[in-house]
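Structure assessment
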Amino acid sequence: MLSLPDSPVPVTTTSPVPSIRRAPIENLLLASLSDEDRARLLGDAPPIDLRLAETLSESGDRIHHVYFPIDSFISLITPGVDRAQLEIGLVGNEGMLGVPLLLGIHVSPLRALVQGTGHAWRIDASHFMRLIESHATIRNALNRYLYVFLAQLMQTATCTRYHLVEARLARWLLMTRDRAHSNQFHVTHEFLAYMLGVRRVGVTSAASALQRRKLIRYQRGDIAVLDVSGLEKAACPCYAIDKKIYGRVLGKRRASRHAAGRESKATRLAGEIGAAISC
Ligand SMILES: [Zn+2]
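Just so you know, these numbers come straight off a predicted model, no measurement behind them.

**With respect to unusual backbone geometry**
The phi dihedral of His181 falls on the positive side, at around 55°, and the residue is not glycine. Overall, His181 belongs to the buried group, with 21 C-beta atoms counted inside 10 Å. Phi at Arg220 is positive, roughly 50°, even though this residue is not glycine. Tracing the backbone shows Arg220 in the loop between strand 9 (216–219) and strand 10 (222–225). Since 11 C-beta atoms lie within 10 Å of it, Arg220 is described here as exposed.

Here is the structure:
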């Protein structure tokens, strides 16, 4: 576990933190399904609680459950030894954990670690497999997310190779903010190191630079986003690219459901939330 020093730049503790528009939170993928398909997936089971730093699967584990985060979020980390690990994706209420099942693969290639405490729908993997094999509407909807997920992984490969640490940190803080639905959240030291794939000095330097620009307040892992548009300008283009792809592939699906007049309560909810996630 890395340990970071106290905030290396003096901060004004009274710096205002802008409030974020809060919409009722639901998983957007489930909200894009018809009420019937959603009921088939979820049944009567209530959401479960996900705890901070809980490991949901290790690389090579058999997948027993599929998770649809509601107000929690999950970090996806490549397998490796010690520092040779990298976070390559975040799953919040825009997505799901368990995409290998959509390809008929029952083994997780990545470590899945809870980074944001909250609720999630959890579905038994065998039940999930039966449904996607027998219901094309569910399978097709979730396959669109699979495309978005793969695009995010590809973008992260480019990001890690070509973009500067400070800009990458800004990107990941914005992604975390979106999934935390708040301008204030906690990121563990371990998470920052996985996120950026750099040593402690690199993390400290990047966070200090963003703080000097008054874009964030950072102290012992507690992050406050002070200037959202400024942080967006500081981020590498990957943040905007990810959002654009999501909006193009999944946003239109929601829009088409509106146009077809088959809008469900869940879909209306997704439309309200979508503005905060999609372009
Ligand atoms: Zn980037």
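Alright, that's what it looks like, and here's the rest.
**Some remarks on the environment of Asp242**
Here Asp242 lies in helix 9 (residues 238–259). For Asp242, a count of 24 C-beta atoms within 10 Å puts it in the buried group. Beyond its immediate sequence surroundings of up to four residues, Asp242 is in contact with Gln152 and Gln155.

**Brief notes about the sheet that holds strand 9**
Taken in spatial order, the three strands make up an open sheet running 8-10-9, and their pairing is antiparallel. Strand pairing shows two members of the sheet lacking a second neighbour, strand 8 (184–186) and strand 9, which therefore form its edges. Shown here is a sheet whose adjacent strand axes are inclined to one another by a mean of 15°, direction ignored. Inspection of the sheet shows strand 9 paired to strand 10 by four bridges, in the antiparallel sense. By the bridge assignment, Tyr218 is partnered in strand 10 with Ile223.

**A short note on the pairing of strand 5 (residues 87–91)**
Where burial is concerned, most of strand 5 is hidden: five out of the five residues are buried. Sheet topology places strand 4 (residues 73–77) next to strand 5; four bridges connect them, and they run antiparallel. Following the sheet pairing, Ser75 is matched in strand 5 by Leu90.

**Description of the nonpolar core**
Counting 69 residues, the largest nonpolar core has Ile74, Met96, Leu173, Ile216 and Leu231 as the members making the most contacts within it. A total of seven residues in this core trace back to one element, the largest contributor, which is helix 5 (residues 165–180). Composition of this core by domain shows at least three residues from each of domain 1 (23–163 + 242–268) and domain 2 (164–235). Discounting residues that sit within four places of it in the chain, Met96 has contacts with Leu29, Val66, Tyr67, Phe68, Val91 and Tyr145.

**Let's talk about the sheet that holds strand 4**
Reading across the sheet, the four strands line up as 2-6-4-5 and stay open at both edges, with antiparallel pairing between neighbours. Of all the strands in the sheet, the pair left with one neighbour each is strand 2 (55–57) and strand 5. Within the sheet, the average angular offset between the axes of one strand and its neighbour, ignoring direction, is 30°. Along the sheet, helix 5 contacts strand 4, strand 5 and strand 6 (111–116); its crossing angle with strand 5, the most-contacted strand, is approximately 25°.

**Some remarks on the pairing of strand 10**
Across the two faces of strand 10 the burial differs, with Ile223 and Val225 buried and Asp222 and Ala224 not buried at all. Bridge count between strand 8 and strand 10: three bridges; the pairing is antiparallel. Bridged to Gln184 within strand 10 is Ala224. What sits between the antiparallel neighbours strand 9 and strand 10 is a turn of two residues, in which Arg220 has the positive phi angle 50°.

**Notes on the confidence of the model for the protein chain**
Caution applies to low-pLDDT parts of the model: their predicted coordinates are not meant to be read in detail. Here the protein chain averages 83 in pLDDT, and 81% of its residues register 70 or above. Per-residue pLDDT stays below 50 along residues 1–13; that stretch engages in 25 contacts with residues further than four places along the chain or on separate chains. Scored below 50 in pLDDT, residues 258–279 shows 48 contacts in the model against residues more than four places distant or in partner chains.

**What about helix 7 (residues 200–212)?**
If you check helix 7, its first and last C-alpha atoms are 18 Å apart, about what 13 residues at 1.5 Å a residue would give, namely 18 Å. Taken together, the buried positions of helix 7 are Ala206, Ala207, Leu210 and Gln211. Down the axis of helix 7, the buried set is contained in an arc of 135°. They therefore lie on one face. For helix 7, the exposed residues lying more than 90 degrees away from the buried face are Val201 and Arg212. In this structure, the buried side of helix 7 is in contact with helix 5, strand 9 and helix 8 (228–234). Once helix 7 ends, the next one or two residues include Lys214, with phi positive near 60°.

**Concerning the environment of Ala151**
Along the chain, the position of Ala151 falls in helix 4 (residues 136–162). In the structure, Ala151 is positioned 95 residues away from Tyr246 in sequence and 9.2 Å away in space, judged by C-alpha atoms.

What counts as what
Residues take numbers from 1 onward in each chain, read along the sequence in its written order. Reporting in this predicted model follows two pLDDT cut-offs: at least 70 for local features of residues, and 80 or more for side-chain atom pairs to be given and counted; totals over whole chains, interfaces and linings ignore these cut-offs and use all residues. Exposure in this text rests on C-beta crowding, where 20 or more other C-beta atoms within 10 Å of a residue's own make it buried, 12 or fewer make it exposed, and counts in between make it partly exposed. The C-beta atoms are placed from the backbone. Secondary structure elements follow DSSP: runs of H or I of four or more residues count as helices, runs of E of two or more count as strands, with numbering from the N terminus. Placing C-beta atoms from the backbone, we regard two residues as in contact once those atoms come within 7 Å. Only when DSSP finds a minimum of two bridges between them are two strands counted as paired. Whenever a helix is involved, its axis is fitted only over the stretch in contact; in every case the axis is a line through C-alpha atoms, and angles between N-to-C directions fall within 0 to 180 degrees. Nonpolar cores are identified as sets of buried Ala, Val, Leu, Ile, Met, Phe, Trp, Tyr and Cys residues joined via C-beta atoms within 7 Å. Residue ranges for the domains originate in an automatic or database domain assignment. Residue-level confidence of the predictor is what pLDDT reports, using numbers from 0 through 100. Here a helix's expected span is defined as the number of its residues, less one, multiplied by 1.5 Å. Throughout, the arc means the angular range of directions from the helix axis out to the C-beta atoms.

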